[in-house]
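Close look at the chain arrangement
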Amino acid sequence: AMARDGLHVGDMSGFKAGRPVKAPPLRDKILPAGEIDVWKARFESVRESDRHIYAAFLLCFGLALRAGEATAARWTWCHYDESRRAGLLTVRDRPDEGFSMKGARPRSIPFGPRWWSAAQATRTESPYILPGSSATAREHLAGVRLADWMRARGWKGPKFAHELRAWRGQEWWSDCSPQEC
């Protein structure tokens with residue numbers, strides 16, 4: 001049928017003779033006990049000296065946002081009730097802001113007064129939670145600068161913002177029931 005339609009794939013005899021490639025060993029995604037605490041302490045140490053890195057940590061670890069979500073997150077996505085000392089950041093499609101979320105379902109991530117206070121301390125005049133004068137600057141912060149910072153402190157994994165998200169999920173899974181997660 002392919003030849004009839006004018007499609008030619010060439011000699012396939014070598015394809016059949018190929019040997020499978022060995023897959024690299026799987027890397028365990030669960031961190032050893034205490035390692036998350038070590039990294040949290042490292043981020044806490046830059047709370048004052050590098051508020052931009054700390055802001056990326058608050059979003060990528062504190063709320064388990066993807067790098068693209070952290071880049072796009074605006075203060076208007078947060079709703080904090082001072083009387084209840086609780087808030088939610090809602091991730092959903094926002095076509096008027098040019099944001100399209102990954103995944104089919106919107107989600108609301110709860111946060112408490114400690115996260116809210118820490119996030120407020122990094123706040124600038126920008127409508128975005130992550131500091132940066134442009135989308136490119138925020139993407140650079142959530143991607144390149146965060147990766148460079150973690151790598152300089154010993155992180156050897158292939159991903160950075162995504163790892164923070166995974167660590168937070170690991171904590172939530174350990175601290176809560178699977179239904180709550």
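Now for a description of the structure that goes with this document. (Residues numbered from 1 in each chain as written. Predicted model: local features only at pLDDT ≥ 70, side-chain atom pairs only at ≥ 80, totals over all residues. Heavy atoms only, no water.)

Attention shifts here to the overall build of the protein chain. Regarding its fold elements, the protein chain presents seven helices and three strands. The helix and strand sequence of the protein chain, counted from the amino end, reads α-α-α-α-β-β-β-α-α-α. Taken across its 181 residues, the protein chain has 36% of its residues classed as buried. Approximately 11,700 Å² of the protein chain is accessible, and the part contributed by carbon and sulfur atoms is 55%. (Helix = DSSP H or I, 4+ residues; strand = E, 2+ residues; numbered from the N terminus. Buried < 20%, exposed > 50% of the residue type's maximum accessible area, 1.4 Å probe, protein only. Areas by Shrake-Rupley, 256 points an atom, 1.4 Å probe, with all protein chains shown as cover.)

Attention now moves to the packing of helix α2 (residues 35–44) against helix α7 (residues 161–175). As a packed pair, α2 and α7 sit with axes 11 Å apart at the nearest point and diverge in direction by 125°. One finds that α2 runs oblique with respect to α7. Crossing of α2 against α7: the hand is left-handed. For the pair α2 and α7, contact is made by I36, W39, K40 and F43 and by L164, W167, Q170 and E171, respectively. Of the residues that constitute the contact of α2 with α7, the class distribution is five nonpolar, one polar and two charged. (Axes fitted to C-alpha atoms, helices over the stretch in contact; angles between N-to-C directions. Parallel < 35°, antiparallel > 145°, perpendicular 65-115°, else oblique. Left-handed = near helix turned anticlockwise from the far one by under 90°. Contact = heavy atoms within 4.5 Å. Nonpolar A, V, L, I, M, F, W, Y, C, P; charged D, E, K, R; others polar.)

Before going further, it helps to examine the side chain of R94. Mapping R94 onto the fold places it in the loop between β2 (86–91) and β3 (107–111). Buried R94, no salt bridge; nearest opposite-charge side chain is E97, N-O distance 4.4 Å. One polar contact links the side chain of R94 to the main-chain carbonyl oxygen of T90, over a distance of 2.8 Å. In this structure R94 touches W77 and F99, once residues within four positions along its chain are discounted. (Lys, Arg positive; Asp, Glu negative; His and termini not counted. Salt bridge = Lys/Arg side-chain N within 4 Å of Asp/Glu carboxyl O. Polar contact = N/O pair within 3.5 Å; in protein donor to acceptor, adjacent residues only side chain to side chain.)

Every α-helix carries 3.6 residues per turn, so stepping three or four residues along brings you back to the same face. Most of helix α3 (residues 51–62) is tucked away, with ten of its twelve residues classed as buried. Where the residues of α3 are buried, they touch α2, α4 (67–72), α5 (113–121), α6 (135–152) and α7. Phi for A64, located one or two positions after α3, is positive at around 55°.

Turning next to the sheet that holds strand β1 (residues 78–81). Across the sheet, three strands lie side by side as β1-β2-β3; this open sheet has antiparallel pairing. On the outer flanks of this sheet lie β1 and β3, each paired with one strand and no other. Between one strand and the next, the sheet's axes are offset by a mean angle of 20°, whatever the strand orientation. Direction of pairing for β2 relative to β3: antiparallel, over a ladder of five bridges. Residue pairing across strands places G87 opposite F111, the latter belonging to β3. Sitting on the sheet, α5 is in contact with β1 and β3, with an inclination near 120° to β1. (Pairing = 2+ DSSP bridges.)

Our focus in this paragraph is the nonpolar core. Judged by nonpolar contacts, the single largest core of 45 residues is most densely connected at F43, L89, W115 and M150. The element contributing the most residues to this core is α3, with nine residues. Not counting the four nearest positions on each side in its chain, M150 is found in contact with W39, F43, W155, F160, L164 and W167. (Core = buried A, V, L, I, M, F, W, Y, C linked by side-chain atoms within 4.5 Å.)

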